[in-house]
Amino acid sequence: MLRKAHDMARRAKGEGTIYHVTPVSCDVCPQREGCLKKDAPEVKCGKRDRQDRWVYQYMVGMPGGKKSRRSLTASTKKELVAKIERMRMEVGPEGTRDVSLGSFLDYWQERILKDTVQPSTSVFYRSMVKYVPESLRKKRLADITPAMIQGMLSDLLAHGRIKKEGTLSVKTVKSVRTTLATALEAAIDNGFLVKNPVKKTKPPVDVVHKEIVFLYQDEIKRLLKVADSGEYYETYPAVMEDDGIVYLIRCYAMAVRLTLATGMRWGETFGLKWSDVDFTGGTIYIHNNLQDGVLKRPKTSYSIRKISVDADTMRRLKEWKKQQREYGKSVGDKYENELDLLFTSISGVPVRYDNFRGRQWANMMKAAQLPPGCTYHSLRHTHATQLLRAGVNIKVISQRLGHSNVAFTLRTYAHVMPDQDRTAADAMAGLLEDD
């Protein structure tokens with residue numbers, strides 16, 4: 001009796017029990033007395049005629065808090081254990097939908113994210129999930145309420161840093177909320193949950209709007225001058241005697257100029273192949289993104305695009321191609337540009353962003369006296385801002401940047417657009433003037 005009660009408790013928790021079922025002979029059957037089937041072998045008996053098999057019985061949490069009993073069977077215990085493992089991989093953690101938030105988040109990262117998002121997105125989600133506190137992870141998935149999540153967001157804003165004491169930025173807390181919402185949508189899609197409690201919460205409000213950093217014309221000229229000359233190197237001009245350093249100076253100067261001319265993202269610029277450049281048509285085709293030294297497809301179809309490039313930049317690009325080829329020949333097998341990239345290290349391998357940012361870019365910023373907060377991505381902002389101020393159509397700018405829609409471009413750069421309202425008023429005044 002105690003054993004039976006223990007097994008029932010295990011099944012109620014979703015753990016399940018394994019037991020062996022064998023046929024029962026009429027001679028040892030506890031119900032043989034008065035049984036009408038014991039002398040009638042032609043009559044079907046559930047105990048006497050049952051198969052020799054192994055059974056795994058468990059409970060599954062259903063929507064609304066109800067539970068349903070399920071079972072798996074196999075001819076051997078080994079086969080049954082293999083079936084249980086497959087079921088747990090397909091159905092979810094612990095073989096049941098009645099699981100904790102933490103258990104599901106682990107399952108979501110290991111089983112669902114793996115083949116459905118880009119590796120960089122998966123890494124981002126994993127970093128955000130770390131901020132979900134253990135107290136919330138231990139709770140049953142079905143018991144999570146909007147109030148619990150809203151409280152978590154408030155706590156993260158107040159003192160949510162993991163490695164050091166302090167607050168988290170509004171942007172990070174918003175990202176945690178978005179990540180959790182995405183995970184719980186997957187819980188609904190996979191039958192673990194009925195409603196997404198995150199949708200009933202409010203994202204934190206950023207009272208201080210972080211302005212984008214872009215460069216003005218005089219700053220652009222200073223940056224290009226510094227990049228072209230190589231004077232941002234501490235040992236300049238002595239470094240100009242080193243062919244490898246001269247190669248890097250020319251390489252990065254061309255990369256900076258091309259990014260300013262096209263508004264490409266870092267990974268798009270440094271992921272370009274020479275086959276992507278159409279010198280005749282004056283265009284560049286973007287269909288790769290360099291991430292951690294590996295070329296990958298862009299996240300969205302909007303990022304795959306063709307950009308027109310001005311004649312002067314194309315002329316400089318053609319010169320750079322020649323210089324790169326000459327450098328490669330001069331160092332022989334020490335330079336192997338197997339991917340045929342426009343921009344590489346001195347050995348021909350893809351450029352690592354952290355290395356470039358911490359060395360060359362940081363020194364360029366300092367030497368050119370660029371404003372605080374100016375990153376390589378600011379070159380992209382500069383491209384968009386300068387086009388807006390020149391009166392280029394917002395849709396054209398959005399397409400050049402590879403944005404998914406014009407609305408996103410407008411939200412990002414609305415505060416730097418020229419005063420179109422005054423232009424509209426002046427235009428109407430011209431139409432309404434008396435002859």
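Residues numbered from 1 in each chain as written. Predicted model: local features only at pLDDT ≥ 70, side-chain atom pairs only at ≥ 80, totals over all residues. Heavy atoms only, no water.

A. The arrangement of the overall build of the protein in detail. In terms of helices and strands, the protein carries 16 helices and eight strands. Within the protein, the fraction of its 435 residues that count as buried is 42%. Relative to all contacts within the protein whose residues are 6 or more apart in sequence, the contacts with residues 24 or more apart total 59%. Summed over its atoms, the accessible surface of the protein is roughly 25,500 Å², and 52% of this surface lies on carbon and sulfur atoms. (Helix = DSSP H or I, 4+ residues; strand = E, 2+ residues; numbered from the N terminus. Buried < 20%, exposed > 50% of the residue type's maximum accessible area, 1.4 Å probe, protein only. Contact = heavy atoms within 4.5 Å. Areas by Shrake-Rupley, 256 points an atom, 1.4 Å probe, with all protein chains shown as cover.)

B. Quick peek at the sheet that holds strand E8 (residues 305-308). Ordered by their spatial adjacency, three strands build an open sheet running E4-E5-E8, and the pairing between neighbours is antiparallel. Strand pairing shows two members of the sheet lacking a second neighbour, strand E4 (277-278) and E8, which therefore form its edges. (Pairing = 2+ DSSP bridges.)

C. Up close: helix H3 (residues 101-112). Across the 12 residues of H3, nine count as buried, placing the element largely inside the fold. Residues Leu101, Gly102, Ser103, Phe104, Leu105, Tyr107, Trp108, Gln109 and Ile112 constitute the buried set of H3.

D. Structural view of the packing of helix H6 (residues 146-159) against helix H7 (residues 170-189). At a minimum axis distance of 9 Å, the contact between H6 and H7 shows a crossing angle of 155°. The angle between the axes of H6 and H7 places the two elements in the roughly antiparallel class. Of the two possible hands of crossing, H6 and H7 adopt the one that is right-handed. Residues Ile149, Met152, Leu153, Leu156 and Leu157 of H6 form the contact with H7, whose participating residues are Val170, Val173, Val176, Arg177 and Leu180. Its residues placed into classes, the contact of H6 with H7 shows nine nonpolar, no polar and one charged. (Axes fitted to C-alpha atoms, helices over the stretch in contact; angles between N-to-C directions. Parallel < 35°, antiparallel > 145°, perpendicular 65-115°, else oblique. Left-handed = near helix turned anticlockwise from the far one by under 90°. Nonpolar A, V, L, I, M, F, W, Y, C, P; charged D, E, K, R; others polar.)

E. The arrangement of the pairing of strand E5 (residues 283-286) in detail. Where E4 and E5 come together, two bridges link them in antiparallel fashion. Within the sheet, the bridge partner assigned to Val277 lies in E5 and is Ile284. Linking E4 back to E5 in an antiparallel pair, the connection comprises four residues, with Gly282 at a positive phi of about 70°.

F. Geometry of the packing of aromatic side chains. For the structure on display, the rule yields 23 aromatic pairs. Both rings, one in Tyr107 and one in Phe192, keep their centres 5.7 Å apart while their planes meet at 55°; by these two values the pair is tilted. Pair noted here: Tyr107 is in helix H3 and Phe192 is in the loop between H7 and helix H8 (217-229), with a separation of 85 residues, a long-range link. For the pair Tyr107 and Phe192, a shared accessibility class is recorded, and that class is buried. Counting every residue linked through ring pairs, the aromatic cluster contains Tyr252, Trp266, Phe270, Phe343, Tyr353, Phe356, Trp361 and Tyr376. (Phe/Tyr/Trp six-rings, centres within 6.5 Å; stacked < 30°, edge-to-face > 60°.)

G. Structural view of helix H11 (residues 311-331). With 21 residues, H11 should cover 30 Å at 1.5 Å per step; its first-to-last C-alpha distance of 31 Å lies within 8% of that length. Burial in H11 covers these residues: Thr313, Met314, Leu317, Trp320, Gln324, Tyr327 and Gly328. The buried residues of H11 occupy an angular sector of 135° when the element is viewed end-on, so they sit on one face. For H11, exposure combined with an orientation more than 90 degrees from the buried face picks out Ala311, Lys322, Lys329 and Ser330. Buried-residue contacts for H11 involve helix H9 (243-262), E4 and E5. Note on H11: the residue one or two positions beyond its end, Gly332, has a positive phi of about 65°. (Expected span 1.5 Å × (residues − 1). Arc of directions from axis to C-beta.)

H. Quick look at the side chain of Thr344. Assignment of secondary structure puts Thr344 in the loop between H11 and helix H12 (353-368). Reaching out from Thr344, the side chain makes a polar contact with the side chain of Tyr247 at a distance of 2.6 Å. Separated by 3.2 Å, the side chains of Thr344 and Tyr335 make a polar contact. Residues contacting Thr344, with those up to four places away along its chain left out, are Tyr247, Leu248, Cys251, Gln324, Tyr335, Asn337, Val349 and Val351. (Polar contact = N/O pair within 3.5 Å; in protein donor to acceptor, adjacent residues only side chain to side chain.)

I. Up close: the pattern of salt bridges. Under the defined criterion, the tally for this structure stands at 13 salt bridges. The residue Arg265 makes a salt bridge to Glu268 at a minimum N-O spacing of 2.6 Å. Assessed through its relative accessible area of 2%, Glu268 is described here as buried. A salt bridge links Arg316 to Asp312; the shortest N-O distance between them is 3.1 Å. (Salt bridge = Lys/Arg side-chain N within 4 Å of Asp/Glu carboxyl O.)

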